[in-house]
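Residues per chain, in single letters:
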Amino acid sequence: MEYVRPSSIKEAIDALTEFGEGAKLIAGGQSLLAFMKQGMFEPDALVSLSGIPELKEVEIDEDGSLSIGAMVTHTEIMHHPLILEHAPLLAETAGKVASTQIRNMGTWGGNLSHGEPGADPPAALIASNATVKITGPEGTRAIPVEDFFVDYLTTDLNPGEILTHIIVPVQPENCGTAYIKHTIRDNGDLAIVGIGVRVTMDKSRTLIQDARIGINGASLTTIRAKEAEKLLNGNVWDENLLAAAGEQSADACEPLDDAEASAEYRIKMVKVLVRRALKQAIDAAVAEKAY
Amino acid sequence: MKQTVNLKVNGVERSIYVEPNRTLQDALRLDLEMTGTKKCCNDGYCGACTVMLDGVAAKSCLVLAVEAEGKEIETIEGLSHGTELDPLQKAFIDHGASQCGMCSPGMIMSAKALLRENPHPTKDQIKEAIKGNLCRCTGYIKILDAIASVADENEEKEKPKELSLAHSGKKWVGKSVPRVDGREKVTGKAPYVIDMVLPGMLYGEILRSDVPHARIVSIDTSEAEKYPGVLAVITGKDMVGHYGNFVKDETGLAVDKVRYVGDGVAAVAARTQEIATKALSLIDVEYEELPFVTDAEKAMQEGAPQIQEAERNIADHRRVVAGDVAKGFEKADFVYEDRFETTKQAHASMEPHVCIGYWGPSDRITLYDSNQAPFFMRAGISSLFKIPASKIRVNTPYIGGGFGGKSEVDAIHVCSLILSKKTGCSVKMALSRDEEFISSKTRHKEIIYMKTGVTKNGKITARQIRAIVDNGAYTSYGPAVANAQSMLGGAVYRIPNYRYDGYIVYTNTPVGGAFRGFGSPQFTFAAESQADMIAKRLGMDPLDFRRKNLTQPGDTAISGPVLTTNGAEQAMETAAKAIGFEEKRKNEAPYHGVGLAVATHFTSGKYIDMNADFAGATVKVNEDGSVSILSGQIEMGSGVDTALSQIAAEEFGVSIEDVEVAMNDSDSTPPDMGTHGSRSTTLGGQAVYMACQKAKKQIAEVAAVKLDCESEDIIFKDKQVVCKSDPSKAVGLAQLVADMLFDGGKHVIASAHFEAPCSLPDPETGVGDFAMAYSFGTHAASVEVDPETGKVKVLDFVAASDCGNVINPAGAEAQVQGGAVQGIGYSLYEDIKIREGQPINTRFGTYKIPTVMTVPPIRSYFVETNDPRGTYGSKGLAEMGLVPTAPAIANAIEDAIGVRIQSLPLTPEKILEALKEKKEKEKQES
């Protein structure tokens, strides 16, 4: 096996292109190495992103949006002052990923690029209306996170492309967020279902202006529950409305049976937890300090 | 392509030359020979390999060595300096936080990283920091206490109470003496077979069947044999015969057909593990697939696929017939029959099964083995290979957890020895974590039909049990598991008429074996769930129902056990009071519930078709006044070395530091059936006690002459040999033994054999007093159930145990906590799931053992009884720790939400399903 540690994004793309199909990027390695141990991947070459300083930066872009480098770790996301200020949902979500050791090494760039449906960051990023910045031999492009996941363990990344940054736009005023992770044992496990929501309220504090719902673990990929969002937007909230949004969200899911839970159970959990997450987000939004 | 990688480990620059896919874990363990960093899984889950990178915790198995270049790497070896320990390591010893020791280095490194960043963390922060570190022994509580004591100097943990032995004036027994193996374990220096490398050693790997049932048409090993670095390849043709304690149906590698996914078909010995693994992929096996059956009830039906040469796949039928159940049921006002189902639980010892076999040129065998019963191992190897036992040396250092799973000959032993004979080299074979789940033994899954007759006042008139014990594809301890549960099943309640029929049935699934509890957890889940069900049907209080029926001290149980001491009722009352059973039942918050369960378990026993149950020990008193113990017991985490040291220190009046327990080596340790069946302190301890008496007699005879008194008047106290009636006459123990040796022509050494006073069950009726003692206990749990997700949270937990007199209260508490947490796993999570014949959860990421986050507060009480048959009045304890857990939790769930789950584990899905049915039923009724 070959191993290179380029010092710029361009060099990394060149290396990926040169090694071709058998090459894999290594970010924090926390998923990749586990998969390699299990024989799921046997790369001929690893291109390490650990030598590229710009991928480790957290910054505010000119338009005010938050830019998180692909090599920023879960632990850094939990504690970074800019993230805590501009996107606290991401810090909260990062704190629910796996265990301390994994959070210290694992990165959000790596996490997203694996396309694991039970991972935590995707739903929170969908709720936050985030995009990913991708650079490859053909140049740089940005796509919404919800379009990044194509199929089970498959993303929109083309050969030679690297997810370099996560871009989180300025969060609206009067919004509240929540990430609820459901597991059988504890949140060190992959989510059976993980619900990330952001609810923006109008001044009346009763009318939902805009809701965004991301769902991990209940389909082959993380999904955005657009129909459920439509049900909520422009309406005065009550328990029935939130329950209806839960039902609607479940309709959007096509879960798998696995050792953790049946598809049927996952559907039930989407219904319950979307409702609970929405309630939690609304409570946060209407709390005094949000205004 | 290999490259030079420069690592800075514990401040020292080291260079290694490795492939870039070398993990930091392997670099540390194999290239730098620093085995304090452990390797217990292959999916990055267990955390035993935790190190610090630039001051933060990381799993070294998920970091490439090349990526650790330029970072400060700190391992457990860097924490201590010579004999000077880090405060965390000291705290782990003081709190008894290290049992088998396999998880300790990783756990300590995680804690160290936390404390460096945050010297005064909260308990929740500590939990979060070690959430990614699995432990199978301790139940995490003592680990949390240890870390908290370093984090907060004011944290005063309530010390386990000193119990009756300490109060009786004993100096060492009855006291919470810190573990004698603590320093070795917290520093990562304790020897385990998994960490051993011998000169010229080869690595063996087994190719396993990926189909549940098939005839082997052909195996082509030619490509594997040609692969560079491969020295030998073997298949079923190389096997030497059948083995098995009850039914000789195992061969090591499958000879004619494979019977479950995981059955061995070929094995390879190669220069490195990577080469061996690669070679396996070059072996071509052609199978003719056969119909398979994974459900034991279906396997018993006519026309089911035939797995072994056994009619209706029934390997064995064990029974107890006592009284007349038909008459008993006639006397009953109500007869209830309920069906219960349990799961295949995995032992999940942190150290996998591992051995290093060497077949020497003189047909002398050496086997380094992670094994609970070396004497049995030697006998098994001897009989299989037809080599005299005296020519086989089984060497067992510390073992990283066993729980029953490492107590018999397995395919790795057979293959490593055959491969060694072929190559002339020693061959190490270790199971990967996947293999641990797929192809090591499990707790037997059972289907239990329990029929109980009761009067309207709640007195039991008869009980009949039909148990279908899922044997898996081969017979390990299935028949004995049925025996044990059949006899123990009659000992908790006074049952006038009793019948048990256990059918041990082959299926195309992983093999059931010996596992902590040995049949009792399954039976107790059925019996104690049903106790609450009956109480409810009769409108009785569940405690009253039990009070009416519990056996009492002095009873002879219907199934034979003589219950000389019996703390069942006292344990129940203690646990009920501690958990607040009666108040909680009356005034509970919605979705909160409380439940309890009572159980018994044996102290060793004669449940095998062999009229023997023994332990052996040799005690040597050295010329410096120290005492060496050679015992047939194994330190697998239970604390036996500490208990044996306490006994010897007590008897010779020396300090515990003066006692050394030697590592087990079958060339020198006396015959002993090993460490299983809750027997180590009670039986192993009794052998040590007896050997001490003999050695003391040797010394006393010389002392009597020297001190001019009767030898019966000699006592051993404060490192002195003293004339009791005239304490002015005394001589130092060291002085006396040195004089005996250098000026008296004598050395002091004595050996003793303890045969447990018990008997084989009657072959006709199955009735028998099969164990020397019976322990009792109650677990009580309070739970909260989320009615929408079905998730159960155990809020509070109490264990009250009657294990006779307690030799080491802290150690006993550790056993109970660890057992209860395994029991919580058994209750809520653990189940090797088989779909279409394939096991689907074969890693720690998918087979869920409890983590620190799932552990409730566990309060442990000891209801001491002074059992006349055991060392200092002790009885067995280790297994009792998990026997009643599952029904206690099931009963608490029923109390919380009004639904009864009759199959394990008690999953959220089952709970939601039951709630739905309940709602529908209520709707229909209204």
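Residues numbered from 1 in each chain as written. Chains lettered and ligands numbered in written order. Predicted model: local features only at pLDDT ≥ 70, side-chain atom pairs only at ≥ 80, totals over all residues. Heavy atoms only, no water.

To keep it simple, the criterion reads: UniProt positions are given in the numbering used here, feature names are shortened, and annotations may be inferred rather than shown by experiment.
By the naming in an unreviewed UniProt entry, chain B is Xanthine dehydrogenase, taken from Sporolactobacillus shoreae. The Sequence similarities (unreviewed entry) comment attached to chain B in UniProt states, word for word, "Belongs to the xanthine dehydrogenase family."

For chain A, an unreviewed UniProt entry supplies the name Xanthine dehydrogenase family protein subunit M and the organism Sporolactobacillus shoreae.

## Points about the overall build of chain B
Inclusion rule: Numbering of helices and strands runs from the N terminus; a helix is a DSSP stretch of H or I covering at least four residues, while a strand is a stretch of E covering at least two. Computation of the radius of gyration draws on C-alpha atoms alone. For the globule rule, the value is 2.2 Å times the number of residues to the power 0.38. For every residue, the accessible area (1.4 Å probe, protein chains only) is compared with the maximum for its type, and the residue is labelled buried under 20%, exposed over 50%, or partly exposed between those bounds. We call two residues in contact whenever any of their non-hydrogen atoms come within 4.5 Å of each other. Per-residue accessibility takes into account occlusion by the displayed protein chains alone, with areas from the Shrake-Rupley method and a 1.4 Å probe. In summary, the charge assignment counts Lys and Arg as positive and Asp and Glu as negative, without counting His or the chain termini. Taken as the charge location is NZ of Lys, CZ of Arg, CG of Asp or CD of Glu.
Each helix and strand counted, chain B has 25 helices and 34 strands in total. Rg of the C-alpha trace for chain B: 28 Å, near the compact-globule value of 29 Å for 926 residues, within the 12% margin. A principal-axis box enclosing the C-alpha atoms of chain B has dimensions of 80 × 80 × 60 Å. Burial status across chain B gives 67% buried among its 926 residues. If you take every contact in chain B between residues at least 6 apart in sequence, the share linking residues at least 24 apart comes to 78%. For chain B, the accessible area works out to roughly 31500 Å², and carbon and sulfur atoms hold 49% of it. Of the side chains in chain B, 102 bear a positive and 123 a negative charge, and the two mean positions are spaced by 2 Å.

## Some words on the sheet that holds strand S1 (residues 2-4) of chain A
All names here are of chain A. For the record, the criterion: At least two DSSP bridges between two strands are needed for those strands to be called paired. Only the stretch in contact is used when a helix axis is fitted, and all axes are lines through C-alpha atoms; the angle between N-to-C directions ranges over 0 to 180 degrees.
In space, the 3 strands of this open sheet follow the order S1-S3-S2, with parallel pairing throughout. Edge positions in the sheet fall to S1 and strand S2 (23-26), since each of these pairs with one other strand and no more. On average, adjacent strands in this sheet sit at an angle of 20° to one another, irrespective of strand direction. When S2 meets strand S3 (residues 45-48), the two strands line up parallel, connected through 4 bridges.

## Focus on empty space enclosed by the protein
All names here are of chain B. To be explicit about the condition: A 1.4 Å probe that fits but cannot get out identifies a cavity on a 1 Å grid over protein atoms alone, an open set with protein on both sides within 12 Å along at least five of seven lines counts as a pocket, and a residue lines either if it has an atom within 4 Å of a point. Grid points are joined across faces, edges and corners, and a volume is the space filled by probe spheres set on the points. Charged residues are taken to be Asp, Glu, Lys and Arg, nonpolar residues to be Ala, Val, Leu, Ile, Met, Phe, Trp, Tyr, Cys and Pro, and polar residues to be all remaining types, Gly included.
Scanning the model with the defined rule gives 12 cavities of 30 Å³ or more in all. By volume, the largest cavity is sized at about 210 Å³. Along the wall of the largest cavity there are 20 residues; nearest its centre are Glu 250, Tyr 260, Ala 411, Ser 439 and Lys 441. For the lining of the largest cavity, the class distribution of residues is 8 nonpolar, 7 polar and 5 charged. Its boundaries defined by the atoms lining it, the second largest cavity holds a volume of some 120 Å³. Of all elements in the fold, only helix H15 (478-488), helix H16 (520-538) and strand S21 (592-602) reach the threshold of two or more residues within the lining of the second largest cavity. Residue contributions to the lining of the second largest cavity peak at 5 residues, all from H16.

## Some words on the UniProt feature "domain: FAD-binding PCMH-type" (unreviewed entry) in chain A
With numbering aligned to this structure, UniProt lists the feature "domain: FAD-binding PCMH-type" (unreviewed entry) at residues 1-173 of chain A. In the segment residues 1-173 of chain A, helix accounts for 35% and strand for 24%; the C-alpha atoms at its two ends are 50 Å apart.

## Here's the deal with the interface of chain B and chain A
Note the cut-off: Buried area: the accessible surface (1.4 Å probe) lost by two parts on joining, summed over both. Just to be clear on terms, a salt bridge is a Lys or Arg side-chain nitrogen sitting within 4 Å of an Asp or Glu carboxyl oxygen.
Contact with chain B, which involves 53 residues of that partner, is made by 47 residues of chain A. Buried surface at the junction of chain B and chain A, both sides included, amounts to about 4000 Å², of which 50% is carbon and sulfur. Together, B:Leu62, B:Glu67 and B:Glu788 form the three largest contributors to the area buried by chain B at its contact with chain A, with a combined 16%. For the interface between chain B and chain A, the tally reads 7 salt bridges.

## Focus: the domain arrangement of chain A
Interface size is commonly expressed as the accessible surface area that is lost when the partners come together. Residue and element names in this part refer to chain A. Worth spelling out the cut-off: Source of the domain bounds: an automatic or database domain assignment.
Each assigned domain of chain A is listed here: domain 1 (2-49 + 56-168) and domain 2 (175-290). Each of domain 1 and domain 2 was reduced to a C-alpha centroid, and the two centroids are 24 Å apart. Contacts between the two partners involve 23 residues from domain 1, matched on the other side by 26 residues from domain 2. At the boundary of domain 1 with domain 2, total buried surface from both sides reaches about 1900 Å², with 54% on carbon and sulfur atoms.

## Here we look at a negative patch on the surface
The condition is simple: Each patch is built from salt-bridge-free residues with over 30% relative accessible area, joining like charges within 9 Å and nonpolar side chains (Val, Leu, Ile, Met, Phe, Trp, Tyr) within 5 Å.
Residues B:Asp220, B:Glu225, B:Asp284 and B:Glu286 make up a contiguous surface patch of negative charge. Position of B:Asp284 relative to the elements: it lies in strand S11 (residues 284-289).

## Regarding the packing of aromatic side chains
Two numbers describe a pair of aromatic rings. These are the distance of the centres and the angle of the planes. All names here are of chain B. To be explicit about the condition: Side-chain rings of Phe, Tyr and Trp (the six-membered ring for Trp) are treated as a pair once their centres are within 6.5 Å; stacked means planes under 30 degrees apart, edge-to-face means over 60, and tilted covers the remaining angles. A ring has a charge above it when a Lys NZ or an Arg CZ is no more than 6 Å from the ring centre and no more than 35 degrees off the ring normal.
Under the defined criterion, the tally for this structure stands at 17 aromatic pairs over all chains. Measuring from ring centre to ring centre gives 6.1 Å for Phe 334 and Tyr 336, while their planes differ by 10°; the resulting arrangement is stacked. Under the relative-accessibility criterion, Phe 334 is labelled partly exposed at 36%. Their ring planes at 50° and their centres at 5.9 Å tell us that Phe 770 and Tyr 774 sit as a pair that is tilted. Here the aromatic residues Phe 246, Tyr 477, Phe 518, Phe 602, Phe 770 and Tyr 774 are joined through ring pairs into a cluster of three or more. Its guanidinium or amino end placed over the ring of Tyr 45, Lys 59 lies 5.7 Å from that ring's centre, counting from NZ or CZ. A cation over an aromatic ring shows up here: Lys 451 above the ring of Phe 329, its NZ or CZ 4.7 Å from the ring centre.

## A closer look at the packing of helix H2 (residues 87-94) of chain B against helix H3 (residues 104-117) of chain B
All names here are of chain B. Inclusion rule: Roughly parallel covers angles under 35 degrees, roughly antiparallel covers those over 145, roughly perpendicular covers 65 to 115, and oblique covers all other angles. Here a crossing is taken to be left-handed if its near helix is turned anticlockwise relative to the far helix by less than a right angle, and right-handed if that turn runs clockwise.
With their axes 10 Å apart at the nearest point, H2 and H3 run at an angle of 130° to one another. On the basis of their axis angle, the class for H2 and H3 is oblique. Two packed elements cross with a definite hand, and for H2 against H3 that hand is right-handed. Seen from H2, the contacting residues are Leu 88, Gln 89 and Phe 92; seen from H3, they are Met 107, Ile 108, Ala 111, Lys 112 and Leu 115. Residues belonging to the contact of H2 with H3 are distributed by class as follows: 6 nonpolar, 1 polar and 1 charged.

## Concerning the environment of A:Thr100
Among the secondary structure elements, A:Thr100 is positioned in helix H6 (residues 100-105). Given the relative accessible area of 18%, A:Thr100 is considered buried. Setting aside residues up to four positions removed in sequence, A:Thr100 forms contacts with A:Thr75, B:Glu128 and B:Ala129.

## Focus on the side chain of B:Glu528
Residue and element names in this part refer to chain B. Spelled out, the test is: Identification of polar contacts relies on pairs of N or O atoms within 3.5 Å, with a donor-acceptor requirement for protein atoms, meaning one able to donate a hydrogen and the other able to accept it, and with residues adjacent in sequence counted only if both atoms are side-chain atoms.
Summarising the element assignment, Glu 528 is placed in helix H16. Judged by relative accessible area, Glu 528 falls into the buried class, the value being 2%. Only 2.8 Å separates the side chain of Glu 528 from the backbone nitrogen of Val 598, close enough to count as a polar contact. Here Glu 528 is in contact with Tyr 493, Arg 546, Ala 597, Val 598, Pro 887 and Asn 891, once residues within four sequence places are set aside.

## With respect to the domain arrangement of chain B
All names here are of chain B. If you check the domain split of chain B, you get domain 1 (194-290 + 352-399 + 406-439), domain 2 (445-607 + 763-920) and domain 3 (614-755). Look at where the C-alpha atoms of domain 1 and domain 2 centre, and you get two points 36 Å apart. Residue-level contacts link 20 residues of domain 1 with 25 residues of domain 2. Taken together, the two surfaces of domain 1 and domain 2 that pack against each other cover about 2000 Å², and 57% of this comes from carbon and sulfur. Between the two partners, domain 1 and domain 2, sit 1 salt bridge. The residue Arg 843 makes a salt bridge to Asp 434 at a minimum N-O spacing of 3.1 Å. Inspection of the domain 1/domain 2 interface yields 12 residue pairs in polar contact (both at pLDDT 80 or more).

## Here's the deal with the nonpolar core
Generally speaking, nonpolar side chains in soluble globular proteins are found buried as a group. Threshold: Here, nonpolar core refers to any group of buried Ala, Val, Leu, Ile, Met, Phe, Trp, Tyr and Cys residues whose side-chain atoms link them within 4.5 Å.
Of all hydrophobic cores here, the largest spans 211 residues; its most connected members are A:Ile213, A:Ile215, B:Phe92 and B:Phe844. Tallying contributions element by element places helix H12 (residues 263-286) of chain A first for this core, with 11 residues. By size, the runner-up hydrophobic cluster in this structure holds 51 residues, among which are B:Leu644, B:Val661, B:Ala691 and B:Leu707.

## Describing helix H1 (residues 24-31) of chain B
The buried fraction of H1(B) amounts to 6 of the 8 residues, a majority that puts the element mostly inside the structure. Taken as a whole, H1(B) has its buried residues at B:Leu24, B:Gln25, B:Asp26, B:Ala27, B:Leu28 and B:Arg29. Tucked into the core, H1(B) has its buried residues touching helix H2 (32-37) of chain A together with strand S1 (3-9), strand S2 (12-18), strand S3 (50-53) and strand S5 (72-74) of chain B. In the stretch just after H1(B), B:Glu33 is the one whose phi turns positive, near 55°.

## Description of the pattern of salt bridges
Here the structure, examined in full by the defined rule, presents 75 salt bridges over all chains. Note that B:Lys131 is salt-bridged to B:Glu128, the shortest N-O span being 3.0 Å. One salt bridge connects B:Glu755 with B:Lys606, and the closest N-O pair in it is separated by 3.7 Å. In this pair, B:Glu755 sits in strand S29 (residues 748-755) while B:Lys606 sits in the loop between S21 and strand S22 (614-621), placing the two residues 149 residues apart along the sequence. Each of A:Glu146, A:Arg212, A:Arg224, A:Lys226 and A:Glu229 takes part in salt bridges that share partners, so that together they form one network.

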